[in-house]
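Residue strings, one per chain:
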Amino acid sequence: GTDIFGFPSSPALITITATPLAVKLVRFVGSITEEGIALTWRTSQEANADKFEVMRSSNAIDFVTIGSVIAKGNSNSVSNYTLMDLNPLEGNNYYRLKSIDLDGSFEMSNSINIKFKQETKVSVYPNPVQGSLVVDGIQGKVESIEIIDAKGNAQSIVGSQENTRLNININNNTAAGNYIIRIKT
């Protein structure tokens, strides 16, 4: 006889062979450092593992390999790995790990996202100020400039911007002392 789908109703023997994972990935994380983004991962077991490739994307779709690390190969103990991304992208950095076996087969990890904001290095000179002040390293168009005295009194001032340099004229009536310059871009 046949079942409702037209298949023979006699019992059938189905054999499923499970191939153990070549690498058991325990953890894959990233953290921002002074040098860039440190990507670290941990495995609890490796069998015939060749290497790990770290891949990066700005949109979580189009990944490119940014580096690789040689795997331990065969191990039943915990192994820790690190790769530094010395040139992270501004904004979203999606990373995934590609575990490659000696036979060329591979597995992909889930992706992680690290948001990176480039630090802006700003130089202010001369100090002490005599008539005008220069601020180098301004990112974006300056919207306003304020000078704030030690008592917290703020006064708007005018400056002229050329690319990343800002020239600020300080009023000759400004008393000697310590001031904070607040620049909004």
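In this text, all values refer to a predicted model and were calculated from it rather than measured experimentally.

Trainee: Lay out the overall build of the protein in plain terms, naming residues and giving numbers.
Mentor: Helices and strands together make up the secondary structure of the protein, namely zero helices and 15 strands. If you take every contact in the protein between residues at least 6 apart in sequence, the share linking residues at least 24 apart comes to 56%. When the accessible surface of the protein is totalled, it reaches about 12700 Å², and 50% of it is carbon and sulfur.

Trainee: Can you break down the sheet that holds strand S13 (residues 159-162) residue by residue, with the values?
Mentor: Taken together, the four strands give an open sheet; going across it, the order is S9-S10-S14-S13, and neighbouring strands pair in antiparallel fashion. One side of each edge strand has no neighbouring strand; the edge strands of this open sheet are strand S9 (123-130) and S13. In this sheet, adjacent strand axes meet at a mean angle of 15° when their direction is disregarded. As paired strands, S9 and strand S10 (residues 132-136) are joined by four bridges and run antiparallel to one another.

Trainee: Describe in detail the pairing of strand S14 (residues 165-169), supporting the description with residues and values.
Mentor: The side-chain alternation of S14 yields one buried face, formed by Leu 166 and Ile 168, and one unburied face, formed by Arg 165, Asn 167 and Asn 169. Alignment of S13 against S14, held across four bridges, turns out to be antiparallel. From the neighbouring strand, Ser 160 faces S14, where its bridge partner is Asn 167. Hairpin connection between S13 and S14: a loop of two residues separates the two successive antiparallel strands, and Asn 163 in this loop has a positive phi of roughly 55°.

Trainee: Hey, could you go over the environment of Ser 156 for me, with residue numbers and the actual values?
Mentor: Relative to the elements of secondary structure, Ser 156 occurs in strand S12 (residues 154-156). Accessibility expressed as a relative area gives 60% for Ser 156, which makes it exposed. A C-alpha to C-alpha distance of 4.4 Å links Ser 156 and Glu 146, two positions 10 residues apart in sequence. Excluding anything up to four places from it in sequence, Ser 156 contacts Ile 145 and Glu 146.

Trainee: So what's going on with the pattern of salt bridges? Which residues, and what values?
Mentor: The full count for this structure, using the stated rule, is four salt bridges. The partner of Lys 51 in a salt bridge is Glu 53, and the shortest N-O contact between them spans 3.7 Å. A relative accessible area of 25% means that Lys 51 is categorised as partly exposed. Note that Asp 85 and Arg 56 form a salt bridge whose closest N and O atoms lie 2.8 Å from each other. With Asp 85 in strand S5 (residues 79-85) and Arg 56 in strand S3 (residues 49-57), the pair connects residues that are 29 residues apart, well separated along the chain. Accessibility assignment for this pair places Asp 85 and Arg 56 in one class, buried.

What counts, and where the lines are drawn
- Residues numbered from 1 in each chain as written.
- Predicted model: local features only at pLDDT ≥ 70, side-chain atom pairs only at ≥ 80, totals over all residues.
- Heavy atoms only, no water.
- Helix = DSSP H or I, 4+ residues; strand = E, 2+ residues; numbered from the N terminus.
- Contact = heavy atoms within 4.5 Å.
- Areas by Shrake-Rupley, 256 points an atom, 1.4 Å probe, with all protein chains shown as cover.
- Pairing = 2+ DSSP bridges.
- Axes fitted to C-alpha atoms, helices over the stretch in contact; angles between N-to-C directions.
- Buried < 20%, exposed > 50% of the residue type's maximum accessible area, 1.4 Å probe, protein only.
- Salt bridge = Lys/Arg side-chain N within 4 Å of Asp/Glu carboxyl O.

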